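# Overview (structure and organization)
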Amino acid sequence: FMSIAEQMGRMLQKTAISTNIKERLDFSCAMFGPDGALVANAPHLPVHLGSMSAAVKEQIRRRGDALVPGDVLVSNHPGAGGSHLPDITVITPVFERDDILFFVACRGHHPDVGGKTPGSAPPDSAHIDEEGVLIDNFKLVDQGVYREAEMIEVLKGALYPARNSEQNIADLRAQLAANEKGVQELHKMVRQFGLDTVMAYMGHVQDNAEESVRRVIDVLTDGDFTYPMDNGQQ
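Please read these numbers as outputs of a predicted model, since none were measured by experiment.

## Description of the nonpolar core
The biggest cluster of nonpolar side chains holds 41 residues, and the ones touching the most others in it are Phe1 and Leu12. Sorting elements by how many residues they give to this core places helix H5 (residues 165-193) first, with 9 residues. Excluding residues that lie within four positions of it along the chain, Phe1 makes contacts with Met31, Val39, Ala40, Phe102, Leu186, Met189, Val198, Tyr201, Met202 and Val205. Of all hydrophobic cores here, the second largest spans 11 residues; its members include Phe32, Met52, Val56 and Ile91.

## With respect to the pairing of strand E2 (residues 38-41)
Pairing analysis gives 3 bridges linking strand E1 (residues 27-32) to E2, with the strands arranged antiparallel. For Phe32, the partnering residue across the bridge sits in E2 and is Leu38. Connecting E1 to the next strand, E2, in antiparallel fashion are 5 residues, including Gly36 with a positive phi near 90 degrees.

## What to know about the packing of H5 against helix H6 (residues 195-219)
Packing of H5 against H6 leaves a shortest axis separation of 6 Å and a crossing angle of 115 degrees. Contacts between H5 and H6 pair Met189, Val190 and Phe193 from the former with Leu195, Thr197 and Val198 from the latter. Looking at the contact of H5 with H6 residue by residue, the classes come out as 5 nonpolar, 1 polar and no charged.

## Overview of the packing of aromatic side chains
This structure, assessed with the given rule, holds 1 aromatic pair. Relative to Phe102, the ring of Phe1 has its centre 6.0 Å away and its plane inclined at 55 degrees; by these criteria the two rings are tilted. Pair noted here: Phe1 is in the segment before helix H1 (2-15) and Phe102 is in strand E5 (residues 99-109), with a separation of 101 residues, a long-range link. Looking at Phe102, the relative accessible area reads 1%, which means it is buried.

## Quick notes on H5
In a regular helix each residue adds 1.5 Å, so 29 residues correspond to 42 Å; H5 covers 42 Å between its end C-alpha atoms and thus fits that length. At the exit of H5 stands Gly194, carrying a positive phi of roughly 95 degrees.

Rules of the game
Residues numbered from 1 in each chain as written. Predicted model: local features only at pLDDT ≥ 70, side-chain atom pairs only at ≥ 80, totals over all residues. Heavy atoms only, no water. Core = buried A, V, L, I, M, F, W, Y, C linked by side-chain atoms within 4.5 Å. Buried < 20%, exposed > 50% of the residue type's maximum accessible area, 1.4 Å probe, protein only. Helix = DSSP H or I, 4+ residues; strand = E, 2+ residues; numbered from the N terminus. Contact = heavy atoms within 4.5 Å. Pairing = 2+ DSSP bridges. Axes fitted to C-alpha atoms, helices over the stretch in contact; angles between N-to-C directions. Nonpolar A, V, L, I, M, F, W, Y, C, P; charged D, E, K, R; others polar. Phe/Tyr/Trp six-rings, centres within 6.5 Å; stacked < 30°, edge-to-face > 60°. Expected span 1.5 Å × (residues − 1).

This is the structure we're talking about:
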């Protein structure tokens, strides 16, 4: 499972065009169970990975049974599991016939998604619209039909629109490619080991992770820690 997430990351890095994703590696890839619970992730950015499950679960809550093979969702909304607006998450359900076995998702930090200032992080913003384009539960691919024109309308239609929508689209294509790599590898895993085995080991991985965290929590003790910043603050 972790190898598949790593392969997704390599695909994203190789096909993206922005410096943020291609060179700074400001992205994360992971796979989730049919309920949106994390199964495995590559060692990317903790701030992405800690909230991406919430993003997947929110899309499940909103779309649920309406999802069909060939659908891909996009979101960056903080109220739907997002972080800051430049972090755009692309979510793809993995189907076996009519059933969703997994979700694969990747989150990439786009250089700009609009807002009052370039980079979409204005320090004096008083409303989220001033930070950039809000993307909430948008279907980028609908039953296999890629909706680029509609995505561009979203990027350009905000109060403070994206400044380089062509670059956004190029990176979103790379995210689609990364997810598709995950879908292909998961189908290959099912063919090789059988569906029952793959689903069983998904549960084993999650159970082991839960037990590992419980063991760490059991031995934690009270304490405090300070770290001096370069400006003298702590």
